[in-house]
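# A structural walkthrough
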Amino acid sequence: MTTENRVEMHWALICSIKEDEPTEKFEEFAEWLTEKMAEHSRRMGLYHKFAAKPDCVLRSRINNQNDNAMNYREIHDLHPSVLLVVHILPGENSNEYVWMREFTQRYGLIRQGIQRDNAEKRFEGANLDLVLGNINQWIARRLYQLVTPDKNVTHGHRIQVGFPGNNNNSFGGSGSSSSRGYRANPAHELSSAVSSVLHYDPEMGAHNNIFAHADAVCEVTGLPSEFNEFQLAAVFHRYKVKSVIMGNNGTAVVEFFNKFHACQASLDHHTKKVDHSHQLSVVPIHQITRMQAGITI
């Protein structure tokens, strides 16, 4: 996929600075940094692409846990398209670093802390190629964590790949020995998932249905045949995704965080091209959500 066709990763900026200190210089730094990160990622073959400006700029008082908690909660609740948080830290070994790790883990975000001294001097005296390489590698690893199921992680903000209740995996194992969630028969599971959603009965309860909320599910077709769950996650990174089931021949079923995310994903990506020869179809399976997205089938 070319860089031009990649969806921009949305990001937010948090500045842990003095109460009366302006944020403009840190905003300029963060915009410069994300641009440099994108340029460097192309040389690494990662092709990260970031929005030119942050979706929001928030500030927290130094050494104030409540401010940090409120900021990350605001990003989660009011800016669901944000995946990356650039956090200006007051110094080395600060409490803000600990809180940043805690809250990004809780809300399924990618963190990048920058000490304010490095931000003000733009890494003067450091090997910038090495710095950018480390940041891009971390983003790639964290994205992998977000799309890889982990039974030890209890929060719900993780992209799950596979079919709930089926413990067989494509590497020939079975049972609980694999935490990856890759499945042996994606075509069967895709068909079963669609069937389960089409016959969804809310009176039965979520435990008797593959998806707890049928109105938050979209069927995706038109993907390149070589597309994997990571590339699909990149397409939908602006939204909170609960689960992904990859099928054969460029198909998938995606369950979003709620019906609003599903509807917006359909509005934004239905009929959009992912490359010069593939056009996406992102269709909500539930009739009401489909009507809200303005799609008739």
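Parameters and conventions
- Residues numbered from 1 in each chain as written.
- Predicted model: local features only at pLDDT ≥ 70, side-chain atom pairs only at ≥ 80, totals over all residues.
- Heavy atoms only, no water.
- Helix = DSSP H or I, 4+ residues; strand = E, 2+ residues; numbered from the N terminus.
- Buried < 20%, exposed > 50% of the residue type's maximum accessible area, 1.4 Å probe, protein only.
- Contact = heavy atoms within 4.5 Å.
- Areas by Shrake-Rupley, 256 points an atom, 1.4 Å probe, with all protein chains shown as cover.
- Pairing = 2+ DSSP bridges.
- pLDDT = per-residue confidence, 0-100.
- Polar contact = N/O pair within 3.5 Å; in protein donor to acceptor, adjacent residues only side chain to side chain.
- Core = buried A, V, L, I, M, F, W, Y, C linked by side-chain atoms within 4.5 Å.
- Expected span 1.5 Å × (residues − 1).
- Arc of directions from axis to C-beta.

## Here's the deal with the overall build of the chain
On a plain count of helices and strands, the chain comes out with nine helices and eleven strands. When the 297 residues of the chain are sorted by exposure, 49% land in the buried category. Of the contacts formed within the chain by residues at least 6 apart in sequence, a portion of 69% connects residues at least 24 apart. Here the chain has roughly 14,800 Å² of accessible surface; of this, 47% comes from carbon and sulfur atoms.

## Things to note about the pairing of strand 2 (residues 57–60)
Of the two faces of strand 2, the one lined by Leu58 and Ser60 is fully buried and the one lined by Val57 and Arg59 carries no buried residue. When strand 1 (residues 10–16) meets strand 2, the two strands line up parallel, connected through four bridges. Paired with isoleucine 14 across the strands is leucine 58, a residue of strand 2.

## Overview of the confidence of the model for the chain
Taken over all residues, the pLDDT of the chain has a mean of 77, while the share at 70 or more is 73%. This model gives residues 1–5 a pLDDT under 50, and the stretch forms nine contacts once residues within four places in sequence are excluded. The low-confidence segment residues 158–212, where pLDDT is below 50, has 107 contacts with residues more than four positions distant or belonging to other chains.

## Some remarks on the side chain of histidine 10
Along the chain, histidine 10 turns up in strand 1. Taking relative accessible area as the criterion, histidine 10 reaches 15% and is therefore assigned buried. Here the side chain of histidine 10 touches aspartate 55 through a polar contact of 2.9 Å, side chain to side chain. Contact partners of histidine 10, with chain neighbours within four places excluded, come to Ala51, Asp55, Ser81, Val82, Leu83, Leu84, His237 and Arg238.

## Things to note about the nonpolar core
Ranked by internal contacts, the top residues of the largest apolar core, which has 29 residues, are Leu33, Leu84 and Ile139. Elements with a minimum of two residues in this core: strand 1, helix 1 (24–44), strand 3 (82–89), strand 4 (110–115) and helix 5 (128–147). Those residues within four positions of leucine 84 in sequence are excluded, and the remaining contacts are Met9, His10, Trp11, Ala12, Met37, Phe50, Ile110, Arg111, Gln112 and Ile139.

## Quick word on the side chain of glutamate 21
Structurally, glutamate 21 is set in the loop between strand 1 and helix 1. In this structure the side chain of glutamate 21 is engaged in a polar contact, spanning 2.7 Å, whose partner is the side chain of arginine 116. With residues near it in sequence (within four places) discarded, glutamate 21 still touches Phe26, Arg59 and Arg116.

## Some words on unusual backbone geometry
Here asparagine 93, not a glycine, exhibits a phi torsion of approximately 55 degrees, which is positive. Mapped onto the secondary structure, asparagine 93 falls in the loop between strand 3 and helix 3 (95–107). The phi torsion at arginine 122 lies on the positive side, around 50 degrees, for a residue other than glycine. Residue placement: arginine 122 occurs in the loop between helix 4 (116–121) and helix 5. Residue class for arginine 122 comes out partly exposed when judged on its relative accessible area of 33%.

## Regarding the environment of isoleucine 14
Relative to the helices and strands, isoleucine 14 resides in strand 1. When the C-alpha positions of isoleucine 14 and methionine 100 are compared, they lie 9.8 Å apart, and in sequence the two are 86 residues distant. Ignoring anything within four residues of it in the chain, the contact list for isoleucine 14 reads Leu58, Ser60, Asn71, Tyr72, Ile75, Val85, Val86, His87 and Ile88.

## Let's talk about helix 1
The terminal C-alpha atoms of helix 1, which comprises 21 residues, lie 30 Å apart, in line with the 30 Å expected from a rise of 1.5 Å per residue. The complete set of buried residues in helix 1 reads Phe26, Phe29, Ala30, Trp32, Leu33, Thr34, Met37, Ala38, His40 and Ser41. Glycine 45 sits one or two positions beyond helix 1 and adopts a positive phi of about 80 degrees.

## As for the pairing of strand 3
In terms of residue burial, strand 3 counts as a mostly covered element, since eight of its eight residues are buried. Bridge analysis of strand 1 against strand 3 gives six bridges, and the strand direction is parallel. Among the inter-strand pairings, alanine 12 is bridged to a residue of strand 3, identified as valine 85. In this sheet, strand 4 lies alongside strand 3 in parallel orientation, the contact comprising six bridges. Pairing of valine 86 across the sheet is with glutamine 112, part of strand 4.

## Structural notes on helix 3
Helix length check: helix 3 (13 residues) gives 18 Å between terminal C-alpha atoms against 18 Å at 1.5 Å per residue, within 8%. Within the sequence span of helix 3, burial applies to Glu96, Trp99, Met100, Phe103, Thr104 and Tyr107. End-on, the buried residues of helix 3 take up no more than an arc of 125 degrees, which puts them together on one face. Backbone geometry just downstream of helix 3 places glycine 108 in the positive-phi region, at approximately 65 degrees.

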